[in-house]
Amino acid sequence: MVSVSEVTDVCKVLESRLQHKGDITILLTDSRSLTNPQGVLFIALVSKHGDGHKYIEELYGRGVRSFMIEQPLHLWIDLFPEANFFRVENTLKALQLLAIAHRKKFSYPVIGITGSNGKTVVKEFLNQLLRKDFSIVRSPRSYNSQIGVPLSVWNMGEGHNLGIFEAGISRVGEMARLARIIKPTIGVFTCIGTAHQENFKTMEEKLQEKLLLFLDCRVVIYNADNELIRNAIRSSGLEARGLGWSMRDRSAPLFVEDVTSTEEMTSITVCFMGLIESFVIPFTDKASIENVIHCIAVLLYLKPAMLSNADPFLKLEPVAMRLELKEGNHGNIVINDSYNNDYGSLDIALDFQQRRVRTPGMRRVLILSDILESGMLPKTLYRNVAALIRDRKVDKFFAVGRELAKQRTSFEGIDCSFYETTADLLESQELKSISGACILIKGARQFRFEQICDRLSKQVHETTLEINLQSIAQNVEHYSSLIKPETKMICMVKARGYGVGSYELAKTLEDCHVDYLAVAVADEGKELRERGVRMPIIVMNPEPTTWSTLLEYKLEPEIYSFSLLRKFMAATMEHGLRSYPIHIKVDSGMHRLGFSPNDMDELAQLLLLHPEVEVASIFSHLSAADTPEFDQFTLQQIRTFDHAAHALAARLPNKPLMHILNTAGIERFSEYQYDMVRLGIGLYGISPNGREGLQGVVRLRSTILQIKEIPAGEPVGYGCKGVCDHNMRIAVLPIGYADGYRRCLGLGVGQVLVGDKLCPTVGNICMDTCMIDVTEANAFEGQRVTLFGDPRIPIEEIATRLDTIPYELLSSLSPRVKRLYYRE
Ligand SMILES: *Cc1c(COP(=O)(O)O)cnc(C)c1O
């Protein structure tokens, strides 16, 4: 809260017009988030993306009476006679100044988290681990920007005794501002990657900028095994306050003695101040393990006694980062936020709901479970919830759980129905009768609200390949972290992005700022250009019949022979071009396309006579970079390439880029990264060497069309090949070999995940359908099933059963399998 006169003092107000003296309790930067105009100060932010002044009229109409603006006062005051106006030079700075002044009022510990990944997860884990012992204020979701941080810090209040805020930056100068707003006393550095690298000269520069958050911290927690981070901590003078954890160095303040994962759990044993403690967590991925270790370090500093209770670690819940939006039945829209439930995230979800209401008359429905472990007294908690529901104008409220039912008097005046359990609600007539509504489903995990979501969402009666674009970006980052920051990257999106779909992929990769895309043929490149992809594109198999397409769309050919080169030079000459980029391929031993290493001399002579083309890069391809048995061969290939590439480059007027590593090469031979690497299968979350840390990208799913009971002895499918050896429940799926679900997966070779059961195929796979045995599964018609891409049924496993590789399986999925893209 801040008074009108404080605003004037704090924000360097140039001129103001004050009509009333009401205190400011809410800072609003986005007009769509307005609920109750009482106590609101609207801050008209001005940026490349928009101008907040445009919304003043509307907000005034809705009752807002205080505005922070940049435009001259006289333009506004006569139009809106009842409002306070404050003019400042820069409204964003004013917002930040308000937050800085607010922060100064509190002296409890504040944890500040930064790093390239994992900020939100560490914050949410800390909240889960500490909420029994502290009253915590924290950034909602991932509010970590120049706007999000001040709005988060503004939520600090007298009732709290611990703050947890994250800070994210994308350019120099930003962190110093965030540090003044958050003023953390405890710093956590999660990890460093290449995200937002574009505005920094080097990784070190970015690191140093990030560390500015910690200058006034009493302690800084970091991974001391990461050399880059360790050095940066040392050179910024933070070492004395550092609490580095290590898996290698026994002398580290927190030594991680052992990490052992089983299928679903990981046990972490740490040693500090002579004590040994073990924790079991319900995750096995590397990122979660590191995130938990950061949390252990925070607890060690903040309240070591808490470390003797391992129970909260076992109960850690995954942090769901996304709100899913789905088409529902009966004209409904369904927003699924059924992974976690706390008071802070409820408001954000309601805000999201408010923005999704498509037509003004659309009803808003909220389905909410008891809120567990809020740290508030139930009475206060549910009164606050009721106030939110009123403010956000929810039309119908379904309350599920005993606590909510006990507090029903708090919800007077709201149209609500109380159900004791999720099952009760699922059986109710009321749930079935919702139509034309925007339904927000939000529940604590144990209420299993995903069942409600399934019930209300429209089932997609199709076979779909679901593609997680966020994971693709994370995989790019993963491989970037294996190479030097200055090494460039080509992403291979040939064969329609290995079957995943090249356009969506290209857009995602453009956002990741990779340097080149590579397609197989000119038409693939043309399609990308027509849909607006601007980055350099290499065509790996250019055909002379497509030269005009190539030149028209600025596509850069791979050139692998003299005859191809002569034809291309003739075309460029005809078009009067100069220095058109080409990429020279050398055959270093694979014996597919490419110039022989002995051709370099002649090639150089020819190129020197033809300035219409310019060698942008020289490259070769490894045949067996994933097979240790052939490492000698691989090294020989690299030597051959090195020799040939340097021989050619030395004769050319410019300095071409050199590259040889594919995904397997990046993983196993990164010392030979030269100027650039070519990432292919790894993009799609598949590591040729079984490397960990990649994110799954694709999931092939289908829907059960029909279920039937078949008595033992009856045959199933063509050729009567599958005979039921017991009374079977058979499910029919709309996917067959014409979709790319190969015929050899029939007769039990293939398996399909139904619920949590793996069900074998029965009989031969047909052209458009196949049958599976769901006797053991709790299957129903309309149920979505997974054919591959779930950790329980990985694509590698299906490829192995087919005696092929994931490359073939993915790229041969037919175009009629609908591609469905999503982001977290
Ligand atoms: C396909 C291809 C790649 C990518 O290979 P991955 O094994 O998928 O990483 C790299 N270079 C060339 C020349 C390719 O054709």
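Each value, and the rule that gives it
Residues numbered from 1 in each chain as written. Predicted model: local features only at pLDDT ≥ 70, side-chain atom pairs only at ≥ 80, totals over all residues. Heavy atoms only, no water. UniProt positions renumbered as here; feature names shortened; annotations may be inferred. Domains from an automatic or database assignment. Phe/Tyr/Trp six-rings, centres within 6.5 Å; stacked < 30°, edge-to-face > 60°. Helix = DSSP H or I, 4+ residues; strand = E, 2+ residues; numbered from the N terminus. Buried < 20%, exposed > 50% of the residue type's maximum accessible area, 1.4 Å probe, protein only. Lys NZ or Arg CZ within 6 Å of the ring centre and 35° of its normal. Pairing = 2+ DSSP bridges. Axes fitted to C-alpha atoms, helices over the stretch in contact; angles between N-to-C directions. Contact = heavy atoms within 4.5 Å.

With an unreviewed UniProt entry as reference, the protein is termed Alanine racemase, source organism Porphyromonas crevioricanis. You can read under Cofactor (unreviewed entry) in the UniProt record for the protein the words "pyridoxal 5'-phosphate". UniProt, in its Sequence similarities (unreviewed entry) section for the protein, records the words "Belongs to the alanine racemase family."

The domains assigned to the protein are domain 1 (2-92), domain 2 (106-315), domain 3 (324-456), domain 4 (468-684) and domain 5 (698-822). Summarising the inter-unit geometry, the C-alpha centres of domain 3 and domain 5 are found 36 Å apart.

Attention shifts here to the packing of aromatic side chains. Applying the stated rule across the entire model yields 18 aromatic pairs. The interplanar angle of 45° and the centroid separation of 5.2 Å between the aromatic rings of F397 and F411 together place this pair among those described as tilted. One end of the pair, F397, is in strand β20 (residues 396-400); the other, F411, is in the loop between α13 (402-406) and β21 (416-419), and 14 residues separate them in sequence. A relative accessible area of 0% places F397 in the buried class. In this structure an aromatic cluster arises from ring pairing among F42, F67 and F85. The side chain of R531 reaches across the aromatic face of Y503, ending 3.8 Å from its centre.

Before going further, it helps to examine the sheet that holds strand β17 (residues 324-327). Taken together, the six strands give an open sheet; going across it, the order is β17-β18-β22-β19-β20-β21, and neighbouring strands pair in mixed fashion. Each edge of the sheet is formed by a strand with only one pairing partner; in this case those strands are β17 and β21. Neighbouring strand axes in the sheet, compared pairwise and without regard to direction, differ in orientation by 15° on average. With five bridges connecting them, strand β19 (residues 363-369) and β20 associate as parallel partners. Residue pairing for β20: I367 is matched across the bridge by F398. Its contacts with the sheet put helix α11 (residues 343-356) on β17, β18 (333-337), β19 and β22 (437-442), and the angle it makes with β22 is roughly 160°.

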